[in-house]
Amino acid sequence: MKIQITETVLRDAGQSLIATRLPYDKFEGVLETLDKAGYYSLECWGGATFDTCLRYLDEDPWVRLREIRKRVKRTKLQMLLRGQNLLGYKHYPDDVVRKFVELSVKNGIDVIRIFDALNDLRNIETCVSETIKHKGDAQVAISYTSSPVHTLENYVQLIKKIEEMGATSLCIKDMAGIMSPKECYDLVKAIKENSSLPLHVHTHSTTGLAYMTYLKAVEAGAEGIDTAISPFSGGTSQPATETLVYTLEQMGYSTSVDTSVLSDINDYFAPLAEEYLESGLLDPRVLMTDAGILKYQIPGGMLSNLISQLKSAGAIDRLGEVLAETPRVREDMGYPPLVTPSSQIIGVQAATNVLVGERYKSVSKEISAYLRGEYGTPPGKVNPEVIRKVLGEEKPHTGRFADTLKDGFEAGKAEIGDKARCDEDVLSYIIFPQVYEKFAAERDERERNRVKYTITKVK
Ligand code: CO
């Protein structure tokens, strides 16, 4: 049997280990080699890369994508998309979502992995239909979590609905690395018995389970796994590509990956990892195995946010109480998977409940929006007392939130005017207005300077 390998070094590995600070210049030299490795796909765009390019790297994310596409001709290019949130942090109207998907495919993306933090399929349907319209692979990911409402039967029901929507492949996305080998085996088996779509499994090495989880995923019939070239693997990143290819080939699976090319890719990234370690951007602590997450069932990123929140409030001694409060808040909220943005919303509320000394006396505007139904329908029942306490007489919204939004693309285009040079720029502006305006102003400035420089040189 053939196993498809998705290499994550250009997206999730960098996002998990070095806060997405991998500028295009640093990996341009390896793109043609990556294309020769025989990967099924190269995850290289979306997630936090878009925001980081504009905000910190002075890079146009669209230009980055086109430059990658120019050099990676055979391998599929893959991105991660947060459904109706696109690559931002709120819901966008359908016309904006459609334009974004259309231009992602036009600029070179083949596989769009689409997910919603609450697994509310209404938040991904526009992305899916538009991806299919442009002949992309609409890979729908379910956000993995465990709770009394996340039973195998419920997951299978979800998968059936995803198949009905027209998804072309599936993914189990375990962002916290908490899916155990057994849970993975059972879930993959159940999905394979009920769906004929190709299934990819995505996890992180954070808790140390990932290598075993992938092995069980493959044994249960999953067609693909996500790995990272070894210098950028392990810890909060994915398991190492070389190790998985070695293991799988030995067990009689074929991966189509050329191990001699993997060793060239390793040679390219090893000194880079060294450089990031020396600069401190790669903190060795993120490479350690954190089994504590298995006890608290909360993602590593969320734990470090809680710690810094408590430290800044001078209340780090109350961490134990906050960790005990977190699952209670999650239960009140109907057991959402803990992924951006629900992980932050719940973590902050748990800390607030403990520090204020009365539950939900003080709530963030995100909690109110969540309870009003603006993020979608939670997987389980929300505690009605909490709704009453926070919203009073106001009734939660049960429709699809994006239906309440007016079309936004033309308005955004008019608003940004000639500071946008193309429709791609308009989308960057709509998603990150202030960040884009600053980026565009600096881009103009840089280009003016470059022109001056060229003129001086000619003289
Ligand atoms: Co991930």
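In the block above lies the structure referred to throughout.
Residues numbered from 1 in each chain as written. Predicted model: local features only at pLDDT ≥ 70, side-chain atom pairs only at ≥ 80, totals over all residues. Heavy atoms only, no water.

S.K.: So, the overall build of the chain: which residues are in play, and what are the values?
M.R.: Assigned secondary structure in the chain consists of 21 helices and eight strands. A compact globule built from 459 residues would reach a C-alpha radius of gyration of about 23 Å, and the chain, at 22 Å, matches this within 12%. Burial status across the chain gives 56% buried among its 459 residues. Taking contacts inside the chain between residues at least 6 apart in sequence as the whole, the part at least 24 apart equals 75%. When the accessible area of the chain is evaluated, it comes to approximately 19500 Å², of which 53% is carbon and sulfur surface. Side chains of the chain give 57 positive and 65 negative charges; the mean places of these two sets differ by 3 Å. (Helix = DSSP H or I, 4+ residues; strand = E, 2+ residues; numbered from the N terminus. Rg over C-alpha atoms; globule rule 2.2 N^0.38 Å. Buried < 20%, exposed > 50% of the residue type's maximum accessible area, 1.4 Å probe, protein only. Contact = heavy atoms within 4.5 Å. Areas by Shrake-Rupley, 256 points an atom, 1.4 Å probe, with all protein chains shown as cover. Lys, Arg positive; Asp, Glu negative; His and termini not counted. Charge placed at Lys NZ, Arg CZ, Asp CG, Glu CD.)

S.K.: Residue-level account of the sheet that holds strand E1 (residues 4–7), with values.
M.R.: The eight strands are arranged E1-E2-E3-E4-E5-E6-E7-E8 in a closed barrel whose pairing can be described as parallel. Looking at each pair of strands side by side, their axes are set apart by 30° on average, direction ignored. Across four bridges, the pairing between strand E3 (residues 76–81) and strand E4 (residues 111–114) is parallel. From the neighbouring strand, Leu 80 faces E4, where its bridge partner is Arg 113. Helix H1 (residues 9–17) rests against E1, strand E2 (41–46), E3 and strand E7 (199–202) of the sheet, and its axis sits at about 60° to E2. Contacting E2, E3 and E4, helix H6 (residues 94–106) crosses the sheet at an angle of about 160° to E3. (Pairing = 2+ DSSP bridges. Axes fitted to C-alpha atoms, helices over the stretch in contact; angles between N-to-C directions.)

S.K.: Can you tell me about the pairing of E4, naming the residues and giving the values?
M.R.: Successive side chains on a regular strand alternate, one facing one side of the sheet and the next facing the other. Of the two faces of E4, the one lined by Val 111 and Arg 113 and the one lined by Ile 112 and Ile 114 are each fully buried. Once the chain exits E3 it traverses H6 before rejoining the sheet at E4, and the crossover so formed is right-handed. Examined bridge by bridge, E4 and strand E5 (residues 137–143) share four bridges and lie parallel to one another. For Ile 112, the partnering residue across the bridge sits in E5 and is Ala 138. The parallel pair E4 and E5, bridged by helix H7 (residues 125–133), forms a crossover whose chirality is right-handed. (Right-handed = clockwise from strand over helix to strand, strands pointing away.)

S.K.: Could you give an account of helix H5 (residues 61–71), naming the residues involved and the relevant values?
M.R.: When H5 is considered as a whole, its buried residues turn out to be Pro 61, Trp 62, Arg 64, Leu 65, Glu 67, Ile 68 and Arg 71. You can read the cap of H5 off the contacts: a side-chain oxygen lies 2.9 Å from the backbone nitrogen of Trp 62, and it is on Asp 60. (Polar contact = N/O pair within 3.5 Å; in protein donor to acceptor, adjacent residues only side chain to side chain.)

S.K.: Would you mind going over the layout of surface pockets in detail, with residue names and values included?
M.R.: What the largest pocket holds in volume is close to 1500 Å³. Lining the largest pocket are 50 residues; nearest its centre among them are Gln 15, Ser 16, Gly 301, Met 302 and Thr 340. For the lining of the largest pocket, the secondary structure elements donating two or more residues are H1, helix H4 (49–55), helix H14 (300–312) and helix H16 (342–356). Counting residues per element, the lining of the largest pocket draws most heavily on H14, at seven residues. Broken down by class, the residue content of the lining of the largest pocket amounts to 22 nonpolar, 18 polar and 10 charged. Around the second largest pocket sit 20 residues that line it, and Tyr 89, Lys 90, His 91, Tyr 92 and Ile 430 are the ones nearest its centre. Of the residues contributing to the lining of the second largest pocket, the split by class is 12 nonpolar, three polar and five charged. (1 Å grid on protein atoms, 1.4 Å probe; cavity = no way out; pocket = protein on both sides within 12 Å on 5 of 7 lines; lining within 4 Å. Points joined across faces, edges and corners; volume = space filled by probe spheres on them. Nonpolar A, V, L, I, M, F, W, Y, C, P; charged D, E, K, R; others polar.)

S.K.: Please give an account of the environment of Ala 167 that cites residues and values.
M.R.: Here Ala 167 shows up in the loop between helix H8 (152–165) and strand E6 (169–173). Counting along the chain gives 141 residues from Ala 167 to Lys 26, while the straight-line C-alpha distance between them is 34 Å. Discounting chain neighbours no more than four positions away, the residues touching Ala 167 are Val 128, Ala 138, Val 140, Ile 162 and Leu 197.

S.K.: An account of the coordination of the cobalt ion is needed here, citing residue identities and associated values.
M.R.: The coordination sphere of the cobalt ion contains the protein donors Asp 12 (OD), His 202 (NE2) and His 204 (NE2), at a distance range of 2.1 Å. Each donor residue of the cobalt ion lies on one chain, and together they are spaced D-x189-H-x1-H. With Asp 12 in helix H1 and His 204 in the loop between E7 and helix H10 (210–219), this pair connects stretches of sequence that are 192 residues apart. Residues Asp 12 and His 204 agree in their burial class; the two are buried. (Donors = N, O, S within 2.8 Å, 3.2 Å for Na, K, Ca; no water.)

S.K.: Describe the side chain of Ser 41, with residues and values.
M.R.: Secondary-structure assignment places Ser 41 in strand E2. Since its relative accessible area comes to 0%, Ser 41 is described here as buried. A polar contact is formed between the side chain of Ser 41 and the side chain of Thr 6, at a distance of 2.8 Å. Here the side chain of Ser 41 touches Gln 78 through a polar contact of 2.6 Å, side chain to side chain. Apart from the residues within four sequence positions on either side, Ser 41 is in contact with Ile 5, Thr 6, Glu 7, Thr 75, Lys 76 and Gln 78.

S.K.: With reference to specific residues and values, describe the pattern of salt bridges.
M.R.: Under the counting rule described, the total for this entry stands at 38 salt bridges. Note that Asp 12 and Arg 11 form a salt bridge whose closest N and O atoms lie 3.5 Å from each other. By relative accessible area, which is 4% here, Asp 12 ends up buried. Since its relative accessible area comes to 2%, Arg 11 is described here as buried. (Salt bridge = Lys/Arg side-chain N within 4 Å of Asp/Glu carboxyl O.)

S.K.: Explain the pairing of E6 to me, using residue names and the numbers behind them.
M.R.: The buried fraction of E6 is high, at five of five residues. Residues Ser 169, Cys 171 and Lys 173 point to one face of E6 and Leu 170 and Ile 172 to the other, with burial holding for every one of them. Bridging between E5 and E6 involves five bridges; their strand directions are parallel. When the sheet's bridge partners are listed, Gln 139 is paired in E6 with Ser 169. Between E5 and its parallel partner E6, the chain crosses via H8, and the hand of that crossover is right-handed. In the sheet, E6 pairs with E7 via four bridges, with the strands oriented parallel. Bridge pairing in E7 links Ile 172 to Val 201. Crossover E6 to E7 through helix H9 (residues 181–194) is right-handed.

Read these as layout, nothing more, since geometry by itself doesn't imply function.
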